[in-house]
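Topology and contacts: notes
Listed below, chain by chain, are the residues.
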Amino acid sequence: MTEAVQTQSQQEGKFAPRVFSGIQPSGDLHLGNYLGAIKRFVDMQNSGIETIYCMVDLHAITVWQDPAKLRRATRELCAGFIASGLDPQKSILFNQSQAPEHAQLGWIFNCVARMGWMNRMTQFKDKAGKNREKVSVGLFSYPTLMAADILIYHSTHVPVGEDQKQHLELTRDIAAKFNHDYGVNFFPITEPVIEGAATRVMSLRDGSKKMSKSDPSDASRLNMTDDADTIAKKIRKAKTDPDGLPSEIAGLEDRPEARNLVNIYAALADQSVEQVLADVGGQQFGAFKPMLAELAVAKLSPISGEMSRLMQDEGEIDRILADGAMRARAIAAPILAKTYDIVGMVGAGS
Ligand code: AQP
């Protein structure tokens, strides 16, 4: 069990440690998803905690998705999870729409969350931009469904990238308000787990923007399915500054692109940023970029190879997802039934 999880669960007492997280099948998996989320999912699985990981397809349709592409992306995401080291025997792997309890609890949470809280969500503001009147209602209420994804399992810990911090705070607020309004201690106050050198991987073209599936520039990200030549080319062309690499972290201040490449190296190599700088300090990017490319290819190529192998048997992926959904629902259904009972739905118990 990781130290963060142990300390928190000792404080909580009532709730056994349980980890939940999800990723949208809304495009190609990229290095940010891998380092900020999936790699951490694997660490948590292997530390012996109960782990539940979800392909959040209901979140993906908050923006238009071509149905055939969505189905493929969901299976490919499952393949990506397994190829990265998630074991369907150890972790519960499933797609969100196969466990309807998420959407059912999401409705209750729509009635718990306040408009003022939702209006503060920066991801909605970023994604809606100037198009606010034209985006879906789902894009706005997405964070209440995310709270339901987590709390329908009484999850105590959620490994995510830095960009999800505000949604996790909202999840805590929803749990606390529900508990307060109904005079219960039913939902845990979930702890975000945002750790490691790459909690916010930035675009390779612009160090002020996060690496993202929806960036129109493919050169801005390393996709998990990129081949070795593409990875090397994207890293070679990554934006940097004219200075060399410093030997200490302070030398990366106000150098977002340089800091991003060093963070990526550290996370891929499982080293601290200090260790990396102690080794490469004084080098120019002309020497560092090929080292980074070699490391990225060594780490990502086996994953993309395994993903393509797994994608050849879609039937097996569908079986894994169906089995995972059955196991997920066995946990979710009694929690939903108890929630309905607490809020006063006839037929739910008392
Ligand atoms: N750049 C990133 N650095 C670190 N972590 C990241 N994550 C995403 N981008 C980075 C983490 O990956 C998990 C799944 O993200 P998601 O697909 O559910 O949603 P997202 O954060 O909206 O991902 P994208 O790629 O940025 O998608 P689009 O472009 O559609 O918005 C989360 O844990 C997230 O923190």
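Now for a quick tour of the structure.

What counts and how
Residues numbered from 1 in each chain as written. Predicted model: local features only at pLDDT ≥ 70, side-chain atom pairs only at ≥ 80, totals over all residues. Heavy atoms only, no water. Helix = DSSP H or I, 4+ residues; strand = E, 2+ residues; numbered from the N terminus. Contact = heavy atoms within 4.5 Å. Areas by Shrake-Rupley, 256 points an atom, 1.4 Å probe, with all protein chains shown as cover. Lys, Arg positive; Asp, Glu negative; His and termini not counted. Charge placed at Lys NZ, Arg CZ, Asp CG, Glu CD. Near = heavy atom within 4 Å. Polar contact = N/O pair within 3.5 Å; in protein donor to acceptor, adjacent residues only side chain to side chain. Phe/Tyr/Trp six-rings, centres within 6.5 Å; stacked < 30°, edge-to-face > 60°. Buried < 20%, exposed > 50% of the residue type's maximum accessible area, 1.4 Å probe, protein only. Expected span 1.5 Å × (residues − 1). Bend = angle between axes of the 7 residues up to and from the residue. 1 Å grid on protein atoms, 1.4 Å probe; cavity = no way out; pocket = protein on both sides within 12 Å on 5 of 7 lines; lining within 4 Å. Points joined across faces, edges and corners; volume = space filled by probe spheres on them. Nonpolar A, V, L, I, M, F, W, Y, C, P; charged D, E, K, R; others polar. Domains from an automatic or database assignment. Pairing = 2+ DSSP bridges. Right-handed = clockwise from strand over helix to strand, strands pointing away.

1. What to know about the overall build of the protein
The helix and strand inventory of the protein stands at 14 helices and 5 strands. Dimensions along the principal axes, computed over C-alpha positions, put the protein at roughly 70 × 45 × 45 Å. Long-range contacts, defined here as pairs at least 24 residues apart, represent 75% of the contacts in the protein between residues at least 6 apart. Surface summary for the protein: the accessible area is close to 16000 Å², and the carbon and sulfur share equals 50%. If you average the places of the 39 positive and of the 43 negative side-chain charges in the protein, the two averages end up 5 Å apart.

2. A look at the site of the ligand
Contacts to the ligand come from 24 residues, most closely from His30, Asp163, Ser212, Lys213 and Ser214. One nitrogen or oxygen atom from the side chain of His30 is found 2.7 Å from an oxygen atom belonging to the ligand. A distance of 2.7 Å separates an oxygen atom of the ligand from a polar side-chain atom of Lys127. With the chains in place, 96% of the 640 Å² that the ligand exposes on its own is no longer accessible. Put simply, the parts of the chain that give the shell around the ligand at least two residues each are strand 1 (18-23), helix 2 (31-46) and helix 7 (122-128). Here the shell around the ligand takes 4 residues from helix 2, the largest share from any one element.

3. Topic: the environment of Leu292
Along the chain, Leu292 turns up in helix 13 (residues 285-311). The spatial distance from the C-alpha of Leu292 to the C-alpha of Ile231 is 9.8 Å, given a sequence separation of 61 residues. Setting aside chain neighbours within four positions, we find Leu292 in contact with Ile235, Leu261, Ile264, Tyr265 and Leu268.

4. As for the packing of aromatic side chains
Enumeration over the complete set of coordinates arrives at 11 aromatic pairs. Between the aromatic rings of Phe94 and Tyr153, the centroid separation amounts to 6.3 Å while the plane-to-plane angle is 75°, which identifies the pairing as edge-to-face. Pair noted here: Phe94 is in strand 3 (residues 92-95) and Tyr153 is in the loop between helix 8 (137-151) and strand 4 (157-159), with a separation of 59 residues, a long-range link. Assessed through its relative accessible area of 0%, Tyr153 is described here as buried. Counting every residue linked through ring pairs, the aromatic cluster contains Phe109, Phe178, Tyr182, Phe186 and Phe187.

5. A look at helix 13
Between its first and last C-alpha, helix 13 extends 36 Å over 27 residues, near the 39 Å set by a 1.5 Å rise per residue. Its axis deflected by about 30° at Leu300, helix 13 carries its strongest bend there, up to four residues before the proline Pro302.

6. So, the side chain of Thr171
Inspection of the secondary structure puts Thr171 in helix 9 (residues 165-182). On the basis of relative accessible area, Thr171 is assigned to the buried category, the value being 0%. Not counting residues up to four positions away in its chain, the partners in contact with Thr171 are Ala147, Ile150, Leu151 and Thr190.

7. Describing empty space enclosed by the protein
Following the criterion strictly, the structure yields 2 cavities of 30 Å³ or more and no others. In this model, the largest cavity occupies a volume close to 80 Å³. If you go around the largest cavity, the residues you meet are Gln24, Pro25, Gly27, Asp28, Leu29, Ala73, Glu76, Leu77, Met224, Thr225 and Met307. In terms of residues, the lining of the largest cavity owes the most to one element, helix 4 (residues 67-83), which gives 3 residues. Classifying every residue of the lining of the largest cavity by side-chain character gives 6 nonpolar, 3 polar and 2 charged. The two domains that each donate at least three residues to the lining of the largest cavity are domain 1 (3-199 + 313-343) and domain 2 (218-309). Computed from the structure, the second largest cavity encloses a volume of approximately 50 Å³. Along its surface, the second largest cavity is lined by Met121, Gln123, Phe124, Lys127, Leu139, Tyr142, Pro143 and His167. Counting only elements with at least two residues in the lining of the second largest cavity, the list comes to helix 7 and helix 8. Residues that form the lining of the second largest cavity fall into these classes: 5 nonpolar, 2 polar and 1 charged.

8. Quick look at the pairing of strand 1
Within strand 1, 5 of the 6 residues are buried, which leaves it mostly tucked inside the rest of the structure. Alignment of strand 1 against strand 2 (residues 50-55), held across 6 bridges, turns out to be parallel. Bridge pairing in strand 2 links Ser21 to Tyr53. The β-α-β motif built from strand 1, the intervening helix 2 and the parallel element strand 2 has right-handed crossover chirality.

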